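Reading the structure
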Amino acid sequence: MAGLAVVSAAGLVADDRVLVGAPVWLKPLKFSLSFVLYGLTLAWLLGRSPARSRTGWWAGTVVAATGTAEMAVIVGQAVRGRRSHFNLATPLDAALFQAMGATIVVLWLATLVIALLQFRRGRGADPAATWAVRLGVLIALAGLALGGLMLAPTPDQQAAAAHGVRDVLGAHSVGVPDGGPGMPLTGWSTTGGDLRIPHFVGMHALQLLPLFLLGLDVLGRRIPRLRAGRTRLGLVLVAAGFLTGLLALVTWQALRGQPLIRPDAATLGALAALLAATALGAYAALRAPARPGDAPTDTTAPPPATPRELTA
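Report follows, based on the coordinates.

Rules and cut-offs
- Residues numbered from 1 in each chain as written.
- Predicted model: local features only at pLDDT ≥ 70, side-chain atom pairs only at ≥ 80, totals over all residues.
- Heavy atoms only, no water.
- Helix = DSSP H or I, 4+ residues; strand = E, 2+ residues; numbered from the N terminus.
- Buried < 20%, exposed > 50% of the residue type's maximum accessible area, 1.4 Å probe, protein only.
- Contact = heavy atoms within 4.5 Å.
- Expected span 1.5 Å × (residues − 1).
- Core = buried A, V, L, I, M, F, W, Y, C linked by side-chain atoms within 4.5 Å.

Before going further, it helps to examine the overall build of the protein. Along its length, the protein carries 9 helices and 4 strands. For the protein, the succession of helices and strands along the chain, N to C, is α-β-β-α-α-α-α-α-β-β-α-α-α. Within the protein, buried positions represent 43% of all 312 residues. A separation threshold of at least 6 residues defines the contact pool for the protein, and within that pool the share at least 24 residues apart is 71%.

By the secondary structure assignment, Val201 is in helix H7 (residues 196–220). For Val201, a relative accessible area of 16% translates into the label buried. Through-space distance from the C-alpha of Val201 to that of Ala248 is 9.8 Å; in sequence the pair is 47 residues apart. Once you skip the residues sitting within four places of it in the chain, Val201 turns out to touch Leu246, Leu247 and Val250.

Since the α-helix packs 3.6 residues into each turn, any two residues three or four apart lie on the same face. Here helix H3 (residues 54–80) is 27 residues long and its end C-alpha atoms lie 39 Å apart, about the 39 Å a rise of 1.5 Å per residue gives. For H3, the secondary structure elements touched by its buried residues are helix H1 (2–14), helix H2 (26–47) and helix H4 (91–117). After H3 finishes, the residue Gly81 shows a positive phi value of roughly 75°.

Now for the nonpolar core. With 38 residues, the main nonpolar core has Tyr38, Leu42, Leu45, Val63, Ile114, Val137 and Leu206 as its most contacted residues. Secondary structure elements with two or more residues in this core: H2, H3, H4, helix H5 (127–146) and H7. Considering each element in turn, this core owes the most residues, 8 residues, to H4. Every residue in contact with Val63, bar those within four places of it in the chain, is listed here: Tyr38, Leu42, Leu107, Ala110, Thr111 and Ile114.

Unusually for a residue other than glycine, Phe86 sits at a positive phi of about 65°. Assignment of secondary structure puts Phe86 in the loop between H3 and H4. Under the relative-accessibility criterion, Phe86 is labelled buried at 5%. Phi angles above zero are rare outside glycine, and Leu185 is one such case at about 70°. Note that Leu185 resides in the loop between strand S3 (173–174) and strand S4 (193–194).

Next up on the list: the environment of Arg227. Looking at the element boundaries, Arg227 is found in the loop between H7 and helix H8 (229–255). With 10 residues separating them in the primary sequence, Arg227 and Asp217 have C-alpha atoms 6.9 Å apart.

Within the secondary structure, Ala284 is located in helix H9 (residues 265–287). Distance in space between the C-alpha atoms of Ala284 and Thr231 is 9.2 Å, their sequence separation being 53 residues.

As structure tokens, this is what we get:
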């Protein structure tokens, strides 16, 4: 995948073709980088399991195989100058799109297996680190599942299908056509809602919660209170609650056809309520009385890897 990322980057320079408003090699680049980071994350998760298991090995192998299959379709379609997603224009395009849908379902199930393995806690494990991983994987699974919202036909597609035209199914933009004005790098729509945003936010919880815990451990060297196990666990739970609320918020915003960078009063009000609840939760976690033996023997959080889906 890393080599494919280099090839895709070279393609951006050498190939000036544009597809649905973006350079044709941009999607292979983002997906290859995403799969590299996703694979590293899952390898780390399997490595920290209390007991190595054949089930975990097979789940990791399935993730690698399905990721490779999906990338083969994405790169192949880029070479052909065709859309890899939502494309039913020809029997071949439709078959490839359906194959990618099947690989994502299998990848989700394999990730679910890895998530369940994280609930097998080893003796002496740090509760804060354990729950940072568990909740991060669960929120990431929700982010993966939200990608299914992109498969729903748009009103224009439904109208076209009524007249026998069915060459595109689904879209990542809401309220505007795909391929319109977008944000730098991510390409998220600046004129309508974009379902890639909740997909992205959810998947990043897999890395953000362990990173948050790592930050607490660094600060704990100067602030003794943050070394208390009960405090660390409380703050991890608050952070997980914030990410879950943020995931719900950006999903709601996208489904209303609202650009991320142009929130309305309702969105801003919901964000303010989420931030207030998070602040209160953090205050409660910091003020909770310490108990005897509360401080863990090892406050070093395991180093997190980094994300899957940069964009869909």
